[in-house]
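Read off the chains here:
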Amino acid sequence: MDNQRNFFITIALSVLILTLWQVFYMNPRIERQHEAQKIEQQRQEQTKKQATASGGQHGTAEKNTSGQTTTPAPNADVPGQSAPETAASNRAESIAASKRVRIDTPSLSGSINLTGARIDDLVLKHYRETVEKGSPNIDLLNPAGLPDGYYAEIGFVGNDKTGQVPGPTTVWTVDGNPTLTPSTPVTLTYTNDKGLTFKRTISVDDQYMFTVDDSVTNSGSAPISLSNYGRVTRFNKPEDRSSFYIHEGMVGVTGKEGLEQIKYSKMEEEKQVTPGKSTDGWLGITDKYWAVALVPSDKQPFQPHFNYFGDGRPRYQSDYLTDPFSVAPGQTANLESLLFAGAKQVGTINAYENEHHIRQFDLLIDWGWFYFITKPMFWLIDTLYKFFGNFGLAILATTVILKLVFFPLANQSYASMAKMKKVQPAMAELREKYADDKMKQQQALMELYKKEKINPIAGCWPMLLQVPVFFALYKVLYITIEMRHAPFFGWIHDLAAPDPTSVFNLFGLLPFTPPAFLPHLGVWALILGVTMFLQMRMNPTPPDPTQAMIFNWMPLVFTFMMANFPAGLVIYYAWNNSLSILQQGVIMKRQGVPIELGNNLKSLFSRKKKPKPAE
């Protein structure tokens, strides 16, 4: 029974190692290589198409999702392609090419393009591209004329009776030269030749939420009908996309379907995904740490879409189109839409969900399938961070708390393992006594377990409990922006990134950067390997040679594999191993079982004496 238990533990650990290696190392590498090839192909195709393109849309015609040019009507599709953009050599030139309203808040800077009332210039003040001092701030939104064009736009779709309504090419009017701040909203107006006056008031809070109040006044003599649309359009995919374990791409919660997550590659295959019509919810495009999401007005049902347009410049779009609404002569209709554009801070996202009653807005953060573990894990770490002021210390304290929570179960497991060691002589006698009768041998062993009150599989629980905790902590470190660029002590300046040191340049003592083909192996990975090695040496060496070999090589395999993981996760694992060694040692001593660590180390490093030749 003991050999079977060890065998199954060995198999489980081997499968776990191979799975982790494939999921977190090989798959991301393969996907990045594949995506790099696709990006290069798209760039080449885009260059060829731009050389022969006839130039977008003109007048009041809009391209619908099937690519056909139609006259706008209340049932028309959301604009898929705006008017041709003036080519710009850089971001500053592109922004200067159009009239704008400046944005200045504690968290954001940028501007609103008066053509289309498009928010296409947004910089995050609190976040930089790297941990280096003086690193540029994150440019979240960019004008469409740039290769990394990315913007949000809200407009209307009308018909012949409405005349020209605000869309991608509409130039709005703003009084004076105002600046949009949390205390100073901006009002834009547009009046067409049919007597319709559109008034838009844009306000913003001190974080990342814009409120767009639209009013449509009908000064004509006949009732009109029109629809409201919103879209988030992006021309490029982020080059530093994560593995499939983290979602980046189209996202939304609408209709009965609930959460929709569509990766860029899947969007390119599907071309268009159309969830059912909805009366509430949100949709947009998300990155690992940032997102742009629209929350349509709750006054009109709307049809959400997720699109990929391959004509002209390839682009990705999340959009919605409301049902038509009527405005009688002399009357005014009002709509309020929200736009989130910024960092996916957990507290901020949760506050918006509650304040604006946005359905499941917390799913903008990809908590994953095990959210019921991941979210409490983040709450605990974040709470401890507020006390310690350092996320690294918060992770260490979290590990101690988890050890205390699971102490009764771990104590029982280690105690059972200690009893197993204590009865090893009796077990050896039974195996020898019933060597020729396996059935009686198993019956005798079970009687021994029952007599000594031993659970032969209890030793598996401490290892199995680490698996969900491991994945939850990995998810927290990998997706929450709170962990991004969070320092620890010494050389760890970003707990969400791998340990920057390398054994091949003596951890920075030698003035050169190791070549990429060498495996990455930092200080904390070595510490992890040592603690895992010591923990495994607390127990006797398995009698089976295959099991012994796997257990001997496992710390080395984990050392190289974990070296590419976030430093915070490696620190957690090393600290957890250290606590497990102390805990196991105390329990074994209380049970009167000898600790095998010293003997195992001595036998491992001592030279075996060669047998004397027979005389």
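See the structure shown above.
Not measured: the values here are computed from a predicted model.

About the cut-offs
Residues numbered from 1 in each chain as written. Predicted model: local features only at pLDDT ≥ 70, side-chain atom pairs only at ≥ 80, totals over all residues. Heavy atoms only, no water. Helix = DSSP H or I, 4+ residues; strand = E, 2+ residues; numbered from the N terminus. Buried < 20%, exposed > 50% of the residue type's maximum accessible area, 1.4 Å probe, protein only. Contact = heavy atoms within 4.5 Å. Expected span 1.5 Å × (residues − 1). Polar contact = N/O pair within 3.5 Å; in protein donor to acceptor, adjacent residues only side chain to side chain. Pairing = 2+ DSSP bridges. Salt bridge = Lys/Arg side-chain N within 4 Å of Asp/Glu carboxyl O. Core = buried A, V, L, I, M, F, W, Y, C linked by side-chain atoms within 4.5 Å. Patch = residues over 30% accessible without salt bridge, like charges linked within 9 Å, V, L, I, M, F, W, Y side chains within 5 Å. Areas by Shrake-Rupley, 256 points an atom, 1.4 Å probe, with all protein chains shown as cover.

Participant: Whenever I open this one, the overall build of the chain confuses me. Can you help?
Facilitator: What the chain contains, in helices and strands, is 14 helices and 22 strands. Across the 615 residues in the chain, those meeting the buried criterion constitute 50%. When contacts within the chain are restricted to residue pairs at least 6 apart in sequence, those whose partners lie at least 24 apart make up 66%.

Participant: When you look at helix α6 (residues 391-405) in this model, what are you seeing that I'm missing?
Facilitator: Since the α-helix advances by 3.6 residues per turn, residues separated by three or four positions end up pointing in the same direction. Between its first and last C-alpha atoms α6 spans 20 Å; for 15 residues at 1.5 Å apiece the expected length is 21 Å, and the two agree. For α6, the complete set of buried residues consists of F391, G392, A394, I395, L396, A397, T398, T399, L402 and K403. Where α6 begins, the side chain of N390 points an oxygen toward the backbone nitrogen of G392, at a separation of 2.7 Å.

Participant: So what exactly am I meant to see when it comes to the pairing of strand β12 (residues 209-218) here?
Facilitator: Remark: a regular strand shows side chains that alternate across the two faces of the sheet. With eight of 10 residues buried, β12 is to be regarded as a mostly interior element. Counted along the chain from strand β11 (residues 196-204) to the antiparallel partner β12, the turn is four residues long. Taken together, the nine bridges between β12 and strand β22 (residues 332-343) define a ladder with antiparallel strand orientation. Its bridge partner lying in β22, V216 is registered against A333.

Participant: Got a minute to help me understand the pattern of salt bridges in this structure?
Facilitator: Any two side chains of opposite charge can pair, on the condition that their charged atoms come close. Per the counting criterion, the structure on display carries 17 salt bridges. Measuring nitrogen to oxygen at the nearest pair gives 3.1 Å for the salt bridge that ties R359 to D280. Of this pair, R359 sits in the loop between α4 (346-355) and α5 (371-388) while D280 sits in the loop between β16 (272-273) and β17 (281-286), and the two are 79 residues apart along the sequence. The class of R359 is partly exposed, set by a relative accessible area of 26%. Each member of the salt-bridge network shares a partner with another, and the members are R91, D121 and D139.

Participant: How should I be thinking about the environment of S135 in this particular structure?
Facilitator: Within the fold, S135 resides in the loop between β5 (118-128) and β6 (137-141). You can call S135 buried: its relative accessible area is 6%. Once residues lying within four places of it in the same chain are set aside, the contact partners of S135 are R128, E129 and T130. In terms of polar contacts, S135 uses its side chain to reach the backbone amide nitrogen of T130, at 3.0 Å.

Participant: What is the right way to read the nonpolar core from this model?
Facilitator: In summary, soluble globular proteins display a tendency toward joint burial of nonpolar side chains. Residues F210 and M562 are the most contacted members of the largest nonpolar core, which totals 119 residues. The leading source of residues in this core is helix α10 (residues 461-479), at nine residues. Those residues in contact with M562, other than ones at most four positions away along the chain, are F470, L528, L569, V570 and Y573. Formed by seven residues, the second largest nonpolar core is a distinct cluster that contains V423, L430, L445 and L448.

Participant: Got a minute to help me understand the side chain of T170 in this structure?
Facilitator: Secondary-structure assignment places T170 in the loop between β7 (150-157) and β8 (173-174). Residue classification places T170 among the buried residues on the basis of a relative accessible area of 5%. Polar contacts involving the side chain of T170 include one to the main-chain amide nitrogen of G167, which spans 2.8 Å. In contact with T170, other than residues within four places in its own chain, are L114, T115, G116, Q164, V165 and Y190.

Participant: Please explain a nonpolar patch on the surface as it appears in this structure.
Facilitator: There is a patch of nonpolar side chains on the surface, built from M549, W553, L556, V557 and F560 and spanning about 460 Å² of accessible area. Mapped onto the fold, L556 is located in helix α12 (residues 545-562). Judged by its relative accessible area of 39%, L556 falls in the partly exposed class.

Participant: In this structure, what is going on with helix α11 (residues 523-536)? I would like to understand it.
Facilitator: Between its terminal C-alpha atoms α11 stretches 20 Å, which fits the 20 Å expected from 14 residues at 1.5 Å a residue. Across the 14 residues that make up α11, a large majority, 10, are buried. The complete set of buried residues in α11 reads V523, W524, A525, L528, G529, T531, M532, F533, Q535 and M536.

Participant: I'm lost on the sheet that holds strand β14 (residues 249-254) in this one. Help?
Facilitator: The strands making up a sheet associate through hydrogen bonds between their backbones, and the pairing can be parallel or antiparallel. The nine strands are arranged β8-β10-β11-β12-β22-β18-β17-β14-β15 in an open sheet whose pairing can be described as antiparallel. The open sheet terminates on both sides in strands that have one partner only, identified here as β8 and β15 (258-263). Looking at chain direction, strand β18 (residues 290-295) and β22 are connected through six bridges and run antiparallel. Within β22, the residue paired with V295 across the bridge is L338.

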